[in-house]
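Given next are the chains, with one letter for each unit.
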Amino acid sequence: MTTLPTVIIQIACLDEAETLPATIADLPTALPGVGRLEYLVVDDGSTDDTVEVARRCGVHHVVSHDRNRGLAAAFLTGLDHALRLGADVVVNTDADNQYAGADVAKLVEPVLAGRADLVVGERPIESIDGFSRTKKLLQRLGSSVVRFFSGTEVRDAASGFRAMSREAALRLHVFGRYTYTMETLIQAGWEGLTVTSVPISVNPATRPSRLVRSIPQYLWRSSQAIVRSFVLYKPFRFFAVLGAIPTLIGVALLARWLVLYAIEDEYTSRLPSLLTGIGCVLVGVQLWAVAFLADLQAANRRLVADVRVRMRERQLADATGDVEIVLSNPVLEPVRRTS
């Protein structure tokens, strides 16, 4: 007898007592081809009665951080506990009811069919009234940059409405603390996971975004996430390109010095140009050396990541019961788990 898959919908919450009931009510209670569908709320240090509201709304599982640690940490905690609960597919959504709950089925279907490891919900950006022209432009620009770096075709990289297979949930990790959306896409692309997107609908806004408090801050933090991911997963290419810039400048300066030295009748030292050229070449060579060292470290990181996945699989296979204990989330900080 074939056992139908389990789907866990995780929702990160920070003071969402007002919006959470509508979010839960909008989610499906059953899905085609799914045996068990449960909700998991990750309370990221809320100061209101989010946990009590979640329980009243019939949420199956609640995990609480002892203080606010940010969206990325809440995302990782959710993945960890969803896997412990036996999830075959993990769906991530926001607590502000931004995404239409009926579209969960669209996200899950490619994963259940084995066509994708990670499915991202593509919002109708151009038709969302709450998005300014600037925000729409930045969404398109940011998604194009992520597509370039990740090698995927996802057109809404900032969307947090996504479904992932158990294998993807085991492999994905976030090193930043601001958000997980762009970094996990880049990681998934470079890890060889199959990534796709499906069009989804959105609900009217219930509150202002807490993630994008200002455009400059969002740009700065998103750029940090992209560059950090590039350095982590393609260090040789990053430092090689970085080293090529001063090297080319240095070679051009040295070539200029040699040409002028050869054609001029009266010798002119042009010492600053000569020293600058030598210095640029030395900097470039040092960056290329760093490229080789970083590539070796990246190879070691890949081996460690594989070992980590195998250990997690064994831990999850050995896990029994649903005991009230203090656990450690993926960023090594305590959480309280209740079901």
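In short, a report on the structure.

A word on the environment of Gln 297. Tracing the chain through its elements places Gln 297 in helix α10 (residues 271-318). Sequence separation between Gln 297 and Leu 232 is 65 residues; the distance between their C-alpha atoms is 9.4 Å.

Bringing the nonpolar core into the picture now. The biggest cluster of nonpolar side chains holds 35 residues, and the ones touching the most others in it are Phe 75, Val 90, Leu 118, Val 146, Met 164 and Leu 185. Secondary-structure elements contributing two or more residues to this core are β2 (36-43), α3 (71-84), β5 (118-122), α6 (166-171), α7 (181-190) and α10. Considering every element that reaches this core, the biggest residue donor is α3, with seven residues. For Val 90, the residues in contact, after removing those within four places along its chain, are Ile 8, Gln 10, Leu 79, Ala 82, Arg 162, Ala 163, Met 164 and Ala 169. Membership of the second largest hydrophobic core comes to 32 residues, among which are Cys 13, Tyr 39, Ala 95 and Val 108.

The next subject is the packing of aromatic side chains. Aromatic ring pairs are reported here in terms of the distance separating the ring centres and the angle at which the planes meet. In this structure the tally under the stated criterion is five aromatic pairs. Where Phe 236 meets Phe 292, the ring centres are 5.1 Å apart and the plane angle is 75°; that geometry is what we call edge-to-face. Of this pair, Phe 236 sits in helix α9 (residues 235-263) while Phe 292 sits in helix α10, placing them 56 residues apart in sequence. For Phe 292, a relative accessible area of 53% puts it in the exposed group. Residues Phe 238 and Phe 239 carry aromatic rings whose centres are separated by 5.1 Å and whose planes lie at 90° to one another, so their mutual orientation is edge-to-face. You can call Phe 239 buried: its relative accessible area is 17%.

Moving on, we come to the packing of helix α5 (residues 133-150) against α7. Relative to each other, α5 and α7 sit at 25°, their axes nearing to 8 Å. Comparing the axis directions of α5 and α7 gives the class roughly parallel. Note that α5 runs across α7; the crossing there is right-handed. Residues Val 146, Phe 149 and Ser 150 of α5 pack against Met 182, Leu 185, Ile 186, Gly 189 and Trp 190 of α7. Broken down by class, the residue content of the contact of α5 with α7 amounts to six nonpolar, two polar and no charged.

The rules behind each value
- Residues numbered from 1 in each chain as written.
- Predicted model: local features only at pLDDT ≥ 70, side-chain atom pairs only at ≥ 80, totals over all residues.
- Heavy atoms only, no water.
- Helix = DSSP H or I, 4+ residues; strand = E, 2+ residues; numbered from the N terminus.
- Core = buried A, V, L, I, M, F, W, Y, C linked by side-chain atoms within 4.5 Å.
- Buried < 20%, exposed > 50% of the residue type's maximum accessible area, 1.4 Å probe, protein only.
- Contact = heavy atoms within 4.5 Å.
- Phe/Tyr/Trp six-rings, centres within 6.5 Å; stacked < 30°, edge-to-face > 60°.
- Axes fitted to C-alpha atoms, helices over the stretch in contact; angles between N-to-C directions.
- Parallel < 35°, antiparallel > 145°, perpendicular 65-115°, else oblique.
- Left-handed = near helix turned anticlockwise from the far one by under 90°.
- Nonpolar A, V, L, I, M, F, W, Y, C, P; charged D, E, K, R; others polar.

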